[in-house]
Amino acid sequence: MTRAKLCLALFLSASILAAPPMAVAAPTRSLHHAASPKPAPWVFVKTDVAPDPGFRTGQLANGMRYILRHNETPKGEVLVRLAIAAGSLDEGENERGYAHFVEHMVFQGSTHVPQGEMIKLLERQGLAFGAHTNAFTGAETTTYHLDLPRNTPTLIDTALMLMRETVSELTIDPATVKRESGVILAEKRDRDSWQYREIVDRAAFADPQARYTNRMPIGTEESLKGATADGLRAFWRRNYVPSKAVLIVVGDVDVAQIEASIRARFADWPAAPAAPQPDAGPIDLANKGRSSIYLDPALSEHLAITRRSAWSKIPDSWANRREALLRAIGYGIINRRLQSIARSSNPPFRAAQFGTGNLYRAARETALHIDSIDGQWRRAMLAAVTAWRGAMEQGVTPAEVEEQLANLRAGAEAMTARAATQSNGALVDQALALVRFDAIPGVPADYLAFLRRTEPEITPDAVMAAVKRYAASLDDPLIRFTGRRAPDSGEAALRSAWNEAMAAPLTAAATKQAASFAYTDFGPAGSVISDRREPAFGIRQIRFANGVMLNLKHTDLAKDSILFSLKLDGGHLLATKDNPLAVEMTSMLASSGLGKHTTDELQTLNAGKAVSYGLGAGADAFGSVTTTRPADLLRQLQLQAALLTDPGYRPEAEAIFRQNVNTLFLRLRATPSSALQAEIGGILSDNDPRYSLQPVTAYRALTFAKLKRDIGDRLAHGALELALVGDVDEETAIRSVAQTFGALPLRETEFQPYPDAHQRSFTANRAPRQITHKGPADQALVEVVWPTRDDSDPQEKQVLNLLQRIIRLQLTENLRQKLGRAYSPSASSEPSRIWKDYGTFSIAASVDTGSVEIARQTIAQTVAELAQAVPSQDLMLRARQPLLETIDNALKTNGGWLSLTARAQSEPDQIERHLHARERLLALTADQVRDAATRYLVKGGIEFIVTPEIAAKTAAQQTPQPAQSSSKEVVLRQVP
């Protein structure tokens, strides 16, 4: 187990707001409609948006539809999706949770696949459960996913067979229903988080009479416990009918053959009446003037100001895309203004966002969401509301319109350039958007041409008029406050602040002064002193005279796209026992801007360019990975080089860091997993401060001045290795790097050894630990952690990798399938590449508090059985095959290539490991797996039991306590 990563969450942006998505017509691909027995009800037959001939659609005589697409990004792989137009909205009052329950039953037996065999069947073919085999239930749809790692006829036929089993052949056995109800109740328990409870309350406040508010897909405990095979079968038969089904196949396939196979496989599926989906409402459009306060210790302050308006179907046409484009720019400008305020010195709020989105097909919601600094909600509301009013009442400027247009233009140009290498996943998303939202996947080049035609019509007045036509008026809105402490004077104070903000005088928005990017000259271009090409994969390895390393790998996997990686010596290896938080603020550098430009200025200066910048502290190096385009490569390099040579170190980023620290510490024990993560690093390391969560005061005391002292030398002199992967012109890239990083002063030529930092011990105190959390009283977590080894032996690393896969399969079989006690038990192996002779192996299961002992016994029994007897040939196959497929497909994406290219000079052994990974994995025997279980897992593990604080207090009150305890086994730290 690597050092605790808990604090990395602090370095994310201040907030992710829950505003509804805005309806923006993105440039997507289009369709060709194949011949079918009767006209298919596809929306593109009634529109002027030209369909893309790359897709083929059709409909069988029974009403089932399909969408097919040949695509070779990546080669040899296929994605299969089955979308059923039924979800939790289709459930009756006594069926709540049934749509999701049926989704589970799909994996539990059918006419031609015995109970418990579907997942095993796919594992033997290389599909891991969860990663490649999955399903998702929403309010309106249920979607089944199969990601096929190979495009063999046998595997494709298996996928189609399983989809046919899904729609018409489920057995839904009573005994299996009873057992699976336990699994779903476990899933419901695991999802009962502070975030989920807030979502439920939000819906109930805004739309108390609406159907969707009491049709959460997970269902209710009463309905799940009372579910019967007959009841589930009735729901399935009522909703899994041909006219509600769309099958999607995208990938390296012969479309004609797939179409023929679908017809052969599904044509005899009997047609049946399709009940219309109930409305998600009723939603009262006159609902206004109400306020609400929702409190939870884990919530930071947030204000949601909302109103509803009528929903109407908007056909996808060029005229409606023009309207959507105009309002997208208008919303974008308003949110850009709010973002600028949040980035200012002493900002009144952490973040804010304005938007309008659909509430299913029942209404539209217009919302202003505001994340306030705790205790400053009134100031936040006044500032955000007046900024929003300024745009709505005074309008926007041509410069603001142009900034938004530049970004949209660049996006459309990139989509057009990448049209031939869109990924299977992107194309599947477009097909699903057609099914769910009637959004026609149009040809990217057509959208770009439309954008260019429309640009002369895009004026400040036009964009704001479009916003006003679409958005609901926030007249006497609903106001909802969430946080830890209620405002003084309660709901009346919320309404009073709103009225004050609406009456406040407006000032004209500040005009931003035009500027030019200040970091274009880093000195004379550096010279290349070494240029070689790695023989196995053709990775070009360059070294400049100043010591900077550059690795280049050209691929054709994604046109007009380049991944840029930067690795800088240091990272968490700079942390010491005396200075354990040396690099904790590193990720805030991007939020502090550059010496000559604020973050906000940089966003304007780089409008229309695919660039970004940042720096994070990894275990053994600082680093970043960004995506850019060939045309923007030089600017991307200039931006990142400027961050290393002239970071802004602005105090507003320090303030954001401290706000996030406070929020994080208040959430530390909100769930069993977060409570464990807060403690486990210290326990495993005997409270070595480098691997332990420090007191909140230590994080609050961090400053950029300290960070500069701690990492400034590395920024200026540390070894630097760059990598560019993708649509790279090598000579252009070398010249661009020479002008930027190659022009910097002389640097160290090798990453430093840091011998003391590569030593880490695993505690000798292996006694069980009891930890408490502050979440629901029925949630518990059992985790066992064993010490293993480092990853210096690639063969042994593969043994441990296979062992964790086998244990995960066995735990799923025992704890989930047989006992129905856990939703997703896990196992993981982490041999360290950083710390010599250090590694961990862990097994974890989230269970209800009454099943802790069962989980402990099941984990112990699973490990004991593996140590005593070799795993079966079938178990070895099911564990190994997905790993083999991962190896075989690793270099089919630029991301895969980057994993080898990023440190091709400083860590060349990664290339050797990849070259021989398959043969090493194939060479492993069942005896080796058993021996590893015996060697590492029979003794020496530490058991962690995480239970509710309420239960622990109750037990303490009921159990006589000794006057003085000599036990030091229970290690608990009170969080401030």
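Thresholds, definitions, all that
Residues numbered from 1 in each chain as written. Predicted model: local features only at pLDDT ≥ 70, side-chain atom pairs only at ≥ 80, totals over all residues. Heavy atoms only, no water. Helix = DSSP H or I, 4+ residues; strand = E, 2+ residues; numbered from the N terminus. Buried < 20%, exposed > 50% of the residue type's maximum accessible area, 1.4 Å probe, protein only. Contact = heavy atoms within 4.5 Å. Areas by Shrake-Rupley, 256 points an atom, 1.4 Å probe, with all protein chains shown as cover. Lys, Arg positive; Asp, Glu negative; His and termini not counted. Charge placed at Lys NZ, Arg CZ, Asp CG, Glu CD. Expected span 1.5 Å × (residues − 1). Polar contact = N/O pair within 3.5 Å; in protein donor to acceptor, adjacent residues only side chain to side chain. Domains from an automatic or database assignment. Buried area = accessible area lost by both parts, 1.4 Å probe. Salt bridge = Lys/Arg side-chain N within 4 Å of Asp/Glu carboxyl O. Nonpolar A, V, L, I, M, F, W, Y, C, P; charged D, E, K, R; others polar. Pairing = 2+ DSSP bridges. Axes fitted to C-alpha atoms, helices over the stretch in contact; angles between N-to-C directions.

1. Here we look at the overall build of the chain
And step 1. Within the chain, the secondary structure is distributed over 29 helices and 24 strands.
And step 2. In terms of its C-alpha atoms, the chain occupies a principal-axis envelope of roughly 75 × 70 × 70 Å.
And step 3. Relative to its 976 residues, the chain shows a buried fraction of 57%.
And step 4. Put simply, of all contacts in the chain between residues at least 6 apart along the chain, 84% involve residues at least 24 apart.
And step 5. If you sum the accessible surface of the chain, you get close to 38,600 Å²; carbon and sulfur atoms cover 53% of it.
And step 6. Each charge class in the chain was averaged separately, 111 positive and 108 negative side chains, and the resulting centres sit 1 Å apart.

2. Brief notes about helix 4 (residues 174-191)
And step 1. Relative to the 26 Å expected for 18 residues at 1.5 Å per residue, helix 4 spans 26 Å between its end C-alpha atoms, a close match to the ideal helical length.
And step 2. Turning to helix 4, its buried residues number three or more, namely Thr176, Val177, Glu180, Ser181, Gly182, Val183, Ile184, Leu185, Ala186, Glu187 and Arg189.
And step 3. Where helix 4 is buried, its residues touch helix 1 (98-105), helix 6 (221-225), helix 7 (229-239), strand 21 (779-787), helix 23 (794-818) and strand 23 (839-848).
And step 4. With a side-chain oxygen lying 3.1 Å from the backbone nitrogen of alanine 175, the N-terminal cap of helix 4 falls on aspartate 173.

3. Comments concerning the domain arrangement of the chain
Think of interface size as the accessible area that goes away when the parts come together; that is how it is often given.
And step 1. Under the domain assignment used here, the chain contains domain 1 (55-267), domain 2 (291-422 + 431-503), domain 3 (528-743) and domain 4 (769-948).
And step 2. Both faces combined, the contact of domain 3 with domain 4 buries some 3,000 Å², and carbon together with sulfur accounts for 72% of it.
And step 3. The largest share of the area that domain 3 buries against domain 4 comes from Phe537, Pro672 and Leu676, three residues that together contribute 20% of it.
And step 4. On the surface where domain 3 and domain 4 come into contact, there are one salt bridge.
And step 5. Note that arginine 903 is salt-bridged to aspartate 620, the shortest N-O span being 3.3 Å.
And step 6. The interface formed by domain 3 and domain 4 holds 13 residue pairs in polar contact (both at pLDDT 80 or more) in total.
And step 7. Breaking the side of domain 3 that touches domain 4 down by element, the ones donating at least two residues are strand 14 (540-544), strand 15 (549-554), strand 16 (562-569), strand 18 (621-628), helix 19 (672-684) and strand 19 (720-726).
And step 8. Ranked by residues supplied to the side of domain 3 that touches domain 4, first place goes to helix 19 with eight residues.
And step 9. For the side of domain 3 that touches domain 4, the residue count by class is 24 nonpolar, eight polar and eight charged.

4. Comments concerning helix 3 (residues 153-168)
And step 1. When the terminal C-alpha atoms of helix 3 are compared, their 23 Å separation across 16 residues agrees well with the 22 Å that a helix rising 1.5 Å per residue should span.
And step 2. With respect to burial, helix 3 is a largely interior element, 12 of its 16 residues being buried.
And step 3. Within helix 3, burial applies to Leu155, Ile156, Thr158, Ala159, Leu160, Met161, Leu162, Met163, Arg164, Glu165, Thr166 and Val167.
And step 4. Considering only its buried residues, helix 3 is in contact with strand 4 (78-84), helix 2 (118-124), strand 6 (142-148), helix 7, strand 7 (245-251) and helix 8 (255-266).

5. So, the sheet that holds strand 23
And step 1. A sheet is described by the order of its strands in space; here five strands give the open sequence 20-24-21-23-22, paired in mixed fashion. Bordering the open sheet on either side are strand 20 (769-773) and strand 22 (826-831), each of which pairs with just one other strand. For this sheet the average axis-to-axis angle between neighbouring strands, irrespective of direction, equals 20°.
And step 2. Pairing between strand 20 and strand 24 (residues 942-948): five bridges, direction parallel. Residue pairing across strands places threonine 772 opposite threonine 947, the latter belonging to strand 24.

6. Overview of the pattern of salt bridges
Oppositely charged side chains can form a pair if their charged atoms are brought close together.
And step 1. For the coordinates displayed, the defined rule picks out 77 salt bridges.
And step 2. Ionic pairing is found between glutamate 95 and arginine 238, a salt bridge with its closest N-O pair at 2.8 Å. Taken together, the residues span a long stretch of sequence, with glutamate 95 in the loop between strand 4 and helix 1 and arginine 238 in helix 7 at a distance of 143 residues.
And step 3. A salt bridge links glutamate 402 to arginine 409; the nearest nitrogen and oxygen atoms lie 3.5 Å apart.
And step 4. Judged by relative accessible area, glutamate 402 falls into the partly exposed class, the value being 37%.
And step 5. Each of Asp620, Asp791, Lys797, Arg833, Arg903, Glu907, Asp909 and Arg913 takes part in a single network of salt bridges with overlapping partners.

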